[in-house]
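Given next are the chains, with one letter for each unit.
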Amino acid sequence: QVQFVESGGGLVQPGGPLRLSCAASGFTFSRAHMSWYRQAPGKERELVATISPSGILKTSPDSLQGRFVISRDNNKNTVSLQMNNLKPEDTAVYYCNRVSDLSGRNPLDAWGQGTLVTVSS
């Protein structure tokens, strides 16, 4: 049974950092591309970052590059998202998922509960 458990969200002031973590199970994690997504209130879910199985290759939308960094630990079956210089528009529920490739497409239909990030002063 595939499962994702996200954690690390919370309230942070604009300009601050936050690190999210996701524990994955139910599949061979070390062979999977992994992505972080987010969904803001009233908006569609959007791709935040993707990492290759080895952790060497990473992609993210141009608008987020330089602020968000994805990483993984294949020994612990976890994927993390380091977020820096957070802005109010980063407020959203953040999710991780297994995807088909570095494009971040085709996430599994097995979403976790997500972790809420609120950026506000």
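Look up a bit, the structure's there.
My aim in this report is to walk through the structure given alongside it, one point at a time.

### Concerning the sheet that holds strand β2 (residues 10-12)
Next up, step 1: What the six strands build is an open sheet, ordered β2-β10-β9-β4-β5-β6; its pairing is mixed. In this open sheet, the two strands that pair with only one neighbour each are β2 and β6 (58-59).
Next up, step 2: Here three bridges tie strand β9 (residues 92-99) to strand β10 (residues 115-119), and the two strands are oriented antiparallel to one another. Residue pairing for β10: A92 is matched across the bridge by V117.

### Remarks on the packing of aromatic side chains
Next up, step 1: A full pass over the atoms with the stated rule returns four aromatic pairs.
Next up, step 2: Cluster of aromatic residues (ring-pair linked, three or more members): F4, F27 and F29.
Next up, step 3: Sitting over the face of the ring of Y95, R45 holds its NZ or CZ atom 4.7 Å from the ring centroid.
Next up, step 4: Across from the ring centre of F29, 4.4 Å away, lies the NZ or CZ of R72, which sits over that ring.

### Comments concerning the sheet that holds strand β7 (residues 68-73)
Next up, step 1: Spatially, β1-β3-β8-β7 is the arrangement adopted by the four strands of the open sheet, whose pairing is antiparallel. The open sheet is flanked by β1 (3-7) and β7, the only strands paired with a single partner. In this sheet, neighbouring strand axes are inclined to one another by 20° on average, regardless of whether the strands run parallel or antiparallel.
Next up, step 2: Strand direction decides the pairing type here: β1 and strand β3 (residues 18-25), joined by five bridges, are antiparallel. What sits directly across from V5, in β3, is A23.

### Structural notes on the nonpolar core
Next up, step 1: By size, the foremost hydrophobic cluster in this structure holds 27 residues, and its most contacted members are M34, W36, V79, L81, M83 and Y94.
Next up, step 2: Of all the secondary-structure elements, those providing two or more residues to this core are β3, β4 (33-39), β5 (46-51), β7, β8 (78-83), β9 and β10.
Next up, step 3: A total of four residues in this core trace back to one element, the largest contributor, which is β3.

### Observations regarding the pattern of salt bridges
Next up, step 1: Here the structure, examined in full by the defined rule, presents four salt bridges.
Next up, step 2: R67 is the salt-bridge partner of D90, the closest N and O atoms lying 2.8 Å from each other. Remark: R67 occurs in the loop between β6 and β7 and D90 occurs in the loop between β8 and β9; sequence separation between them is 23 residues.
Next up, step 3: The buried category is assigned to R67, whose relative accessible area is 10%.
Next up, step 4: Note that R105 and D101 form a salt bridge whose closest N and O atoms lie 3.5 Å from each other.
Next up, step 5: Exposure remark for D101: the relative accessible area of 24% places this residue in the partly exposed category.
Next up, step 6: A single salt-bridge network, built from bridges that share partners, covers R38, E46, R67 and D90.

### Description of the pairing of β7
The side chains of a regular strand alternate between the sheet's two faces.
Next up, step 1: By the alternation rule, side chains of β7 split into F68, I70 and R72, which are all buried, and V69, S71 and D73, of which none is buried.
Next up, step 2: Two elements, β7 and β8, share six bridges in a ladder whose sense is antiparallel. Paired with D73 across the two strands is T78, which belongs to β8.
Next up, step 3: Between β7 and the antiparallel strand that follows it, β8, lie four residues; N77 among them carries a positive phi value of about 55°.

Each value, and the rule that gives it
Residues numbered from 1 in each chain as written. Predicted model: local features only at pLDDT ≥ 70, side-chain atom pairs only at ≥ 80, totals over all residues. Heavy atoms only, no water. Pairing = 2+ DSSP bridges. Helix = DSSP H or I, 4+ residues; strand = E, 2+ residues; numbered from the N terminus. Phe/Tyr/Trp six-rings, centres within 6.5 Å; stacked < 30°, edge-to-face > 60°. Lys NZ or Arg CZ within 6 Å of the ring centre and 35° of its normal. Axes fitted to C-alpha atoms, helices over the stretch in contact; angles between N-to-C directions. Core = buried A, V, L, I, M, F, W, Y, C linked by side-chain atoms within 4.5 Å. Buried < 20%, exposed > 50% of the residue type's maximum accessible area, 1.4 Å probe, protein only. Salt bridge = Lys/Arg side-chain N within 4 Å of Asp/Glu carboxyl O.

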